[in-house]
Every structure is written in C-alpha cells, then in structure tokens.
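# A structural walkthrough
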Amino acid sequence: MRDVIVGDEIVVTRDGKVALDRSSFRLPEASITAVIGPNGSGKSTLLHAVTGLLPLESGTLRVLGQSPAVARKDVAYVLQHMNVNPGVPMTVREVVSMGRYPRLGLLSPVRNRDRQQIQESLELLRIDDLADRQVSKLSGGQRQRVFVAQALAQDHSILLMDEPLTGLDIHSAHTIDDIIHEEPARGCSVVFTTHDLEEARAADHVILVSGHVVADGSPEEVLTPDNLAKAYGLGLLHPENSDGSGMIDDAHDPHFAHPNES
Ligand code: ADP
Ligand code: MG
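Residues numbered from 1 in each chain as written. Chains lettered and ligands numbered in written order. Predicted model: local features only at pLDDT ≥ 70, side-chain atom pairs only at ≥ 80, totals over all residues. Heavy atoms only, no water.

Each angle at a metal carrying four tetrahedral donors should ideally be 109.5 degrees, and each at a metal carrying six octahedral donors should ideally be 90 or 180 degrees. Protein ligation of the magnesium ion (ligand 2) involves Ser44 (OG) and Gln80 (OE1), the donor distances falling in the range 2.0 to 2.8 Å. Placement of the pair is Ser44 in helix 1 (residues 43–51) and Gln80 in the loop between strand 5 (75–78) and helix 3 (92–97), with a sequence separation of 36 residues. Residue Gln80 is classed as partly exposed on the basis of its relative accessible area, which comes to 27%. (Donors = N, O, S within 2.8 Å, 3.2 Å for Na, K, Ca; no water. Helix = DSSP H or I, 4+ residues; strand = E, 2+ residues; numbered from the N terminus. Buried < 20%, exposed > 50% of the residue type's maximum accessible area, 1.4 Å probe, protein only.)

As structure tokens, then:
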C-alpha cells in the first residue's frame with residue numbers, strides 16, 4: 001500500500017525551541033492513523049507540519065508526493081480549539097459551507113454538487129436539524145461536529161484531526177468516531193491525535209510521540225510496554241498491576257482518560 005505522508009528526519013521548532021526532534025514516520029493510504037503521546041510531546045506540532053502551517057527546521061516531509069503547502073488543498077483538517085467569533089453570527093450551514101470555499105471562492109455561485117456535499121456532511125455528523133442555529137450558541141460537542149462536517153464538505157483525500165474526541169459528550173464522540181472509521185471506505189486516509197490508548201489500539205497504524213517519534217507501525221508493533229515506557233517514563237508503568245498490556249496508570253496524567261468516561 002502507498003504511503004500518503006512520509007516524514008524523514010524532520011525537526012520542527014516553535015519560538016526557537018525544538019518542539020519535535022528528528023522524526024521519521026509514514027502514513028499508509030486509506031487507513032486510520034493515531035498519533036499518541038503525553039501532553040506537550042509534539043502531536044499537534046506534527047500535524048501542523050503536515051498541513052504546512054509550521055515550516056520544517058530540517059528533514060523532508062512529503063504529503064501526497066508533494067510539499068505540505070502544495071498538498072494542503074487535498075488535506076481537510078480540524079485543529080484543536082477551533083471556534084467561531086461570537087461577534088460574527090454564523091449558522092451551522094454557513095460554517096459547513098466554508099468547507100467548499102477553497103474551491104468556490106466567496107463570490108462564486110453555490111452549485112448543486114456543492115449544495116449536495118454540504119447537505120451530506122450535515123447528515124453524516126447528525127447536525128442537519130441544527131443547520132439554521134448559531135454556531136456560537138451550540139454545546140462543545142455539537143460545535144466539534146460542525147467543524148468535522150466543514151472538513152468533510154471539502155474535497156480531500158486526507159482528513160487530519162487534532163484530539164477530535166477529547167472532552168466530548170458520548171453522542172458527539174460516537175458520531176465522530178463513526179466518521180473516522182468510515183472515511184477509509186471513501187478512499188480517504190485519516191490521522192488523528194489522542195491521549196487514549198484504546199483509541200490508538202483501534203487504529204490501523206500508530207505513531208508514538210515523545211518529543212520525537214519513538215515508534216511508528218501497527219498498534220501491536222508500537223504499543224509495547226517498552227515503547228510506552230520510553231514515551232511516558234518508566235514511573236508510569238505499574239508492573240504489579242500489569243496484565244502485560246502495557247496499560248498506563250492514568251492517575252498520573254489527567255488527560256489520559258477516555259472522554260466518554262469523564
Ligand atoms: P501536544 O500536542 O503533544 O500536547 P505540542 O505539539 O502542542 O504537544 O507541543 C510540543 C512542544 O511545543 C511543547 O514543548 C510546547 O510547549 C511547544 N508549543 C506548543 N505550542 C506552541 C506555541 N504556540 N508556541 C510555542 N511553543 C509551543
Ligand atoms: Mg496538542
């Protein structure tokens with residue numbers, strides 16, 4: 001299977017400090033990739049590099065065989081803490097329609113195909129009943145579904161999401177989780193970041209990050225007790241409680257909890 005993203009020894013800095021050190025990784029086509037690691041380990045930085053929003057200090061990164069900036073038109077993304085300006089009232093349908101703007105341009109007429117794509121995205125995220133509501137007045141989970149719908153409305157072959165499930169209500173988390181698992185059937189490659197080991201185990205491919213990419217491969221290859229100890233520190237593994245699964249004691253990391261359980 002072809003790789004849609006290939007990072008070779010990439011280094012990314014933020015404010016003059018290394019945020020992601022020499023990292024190599026790949027992302028197989030039409031599959032689900034989870035990027036997992038502790039807080040501040042460089043997960044968001046890695047995604048920002050893939051979207052071309054952060055430049056590389058060194059190394060090479062190819063997205064769909066091109067530079068990240070050139071490939072961006074084919075990459076739909078939902079970043080962390082996306083929001084709309086509450087001072088600019090926008091409806092759910094308007095925000096989702098913005099997913100078509102890269103192609104349409106603001107003044108172009110909305111064609112049938114665009115309208116269809118927008119309607120389909122609203123339905124997939126189960127927000128068609130909210131279409132005329134103000135986005136700023138929705139709950140966090142509803143709003144997250146709006147941003148995922150906006151990304152889906154865009155023509156894309158890679159869907160990239162930064163912590164799409166963190167802190168959501170069960171209904172929103174399930175709806176977005178369904179999208180993650182349906183996208184490969186539409187020929188799309190999905191990459192998302194998470195703090196949740198179970199979400200990572202359910203993916204096809206895992207990138208484990210801790211200041212740099214520690215391991216990259218199938219969940220079985222990557223989520224070994226050894227690798228997890230490298231990424232999270234030995235102190236986080238409790239051998240006396242271990243069933244050999246390498247489970248992490250989430251008491252040490254307040255973010256290491258499944259959103260549905262919080
Ligand atoms: P994660 O998403 O895994 O929590 P990040 O990629 O956000 O990690 O952070 C990696 C490193 O980059 C951390 O050291 C963090 O402090 C730093 N960093 C993150 N965002 C910024 C920013 N906007 N400006 C400067 N440094 C940042
Ligand atoms: Mg992050």
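On to helix 1. Counting buried positions along helix 1 yields nine of nine residues, so the element is predominantly enclosed. The complete set of buried residues in helix 1 reads Lys43, Ser44, Thr45, Leu46, Leu47, His48, Ala49, Val50 and Thr51.

Looking at the protein chain as a whole, the pLDDT averages 88, with 85% of positions reaching at least 70. For residues 237–262, every residue scores under 50 in pLDDT, and the model assigns this stretch 44 contacts once sequence neighbours within four places are set aside. (pLDDT = per-residue confidence, 0-100. Contact = heavy atoms within 4.5 Å.)

Turning our eyes to something else, we now look at the packing of helix 6 (residues 140–153) against helix 7 (residues 170–182). Their axes nearest at 9 Å, the elements helix 6 and helix 7 cross at an angle of 15 degrees. Relative to helix 7, helix 6 is oriented roughly parallel. Pair helix 6 / helix 7 crosses with left-handed handedness. Along the contact surface, helix 6 presents Gly141, Gln142, Gln144, Arg145, Val148 and Leu152, while helix 7 presents His171, Ser172, Thr175, Ile176 and Ile179. (Axes fitted to C-alpha atoms, helices over the stretch in contact; angles between N-to-C directions. Parallel < 35°, antiparallel > 145°, perpendicular 65-115°, else oblique. Left-handed = near helix turned anticlockwise from the far one by under 90°.)

Pairing is mixed in the open sheet, where six strands are placed in the order 5-6-7-3-8-9. The two strands at the open ends of the sheet, each matched to only one other strand, are strand 5 and strand 9 (213–217). Here the strands of the sheet are splayed against their neighbours by 15 degrees on average, with no regard to which way each runs. Helix 7 contacts strand 3 (32–36), strand 6 (158–161) and strand 7 (189–194) of the sheet and is inclined by roughly 145 degrees relative to strand 6. (Pairing = 2+ DSSP bridges.)

Attention now moves to the pattern of salt bridges. Applying the stated criterion across every chain yields a total of 11 salt bridges. In this structure, the salt-bridge partner of Arg22 is Glu9, at a minimum N-O distance of 2.7 Å. Pair noted here: Arg22 is in strand 2 (residues 17–28) and Glu9 is in strand 1 (residues 3–14), with a separation of 13 residues, a long-range link. With relative accessibility at 54%, the residue Arg22 sits in the exposed group. For Arg100, the salt bridge is made with Asp155, and the minimal N-O distance between the two is 3.3 Å. Of this pair, Arg100 sits in the loop between helix 3 and helix 4 (101–104) while Asp155 sits in the loop between helix 6 and strand 6; the two residues are 55 residues apart in sequence, bridging distant segments of the chain. A relative accessible area of 1% places Arg100 in the buried class. (Salt bridge = Lys/Arg side-chain N within 4 Å of Asp/Glu carboxyl O.)

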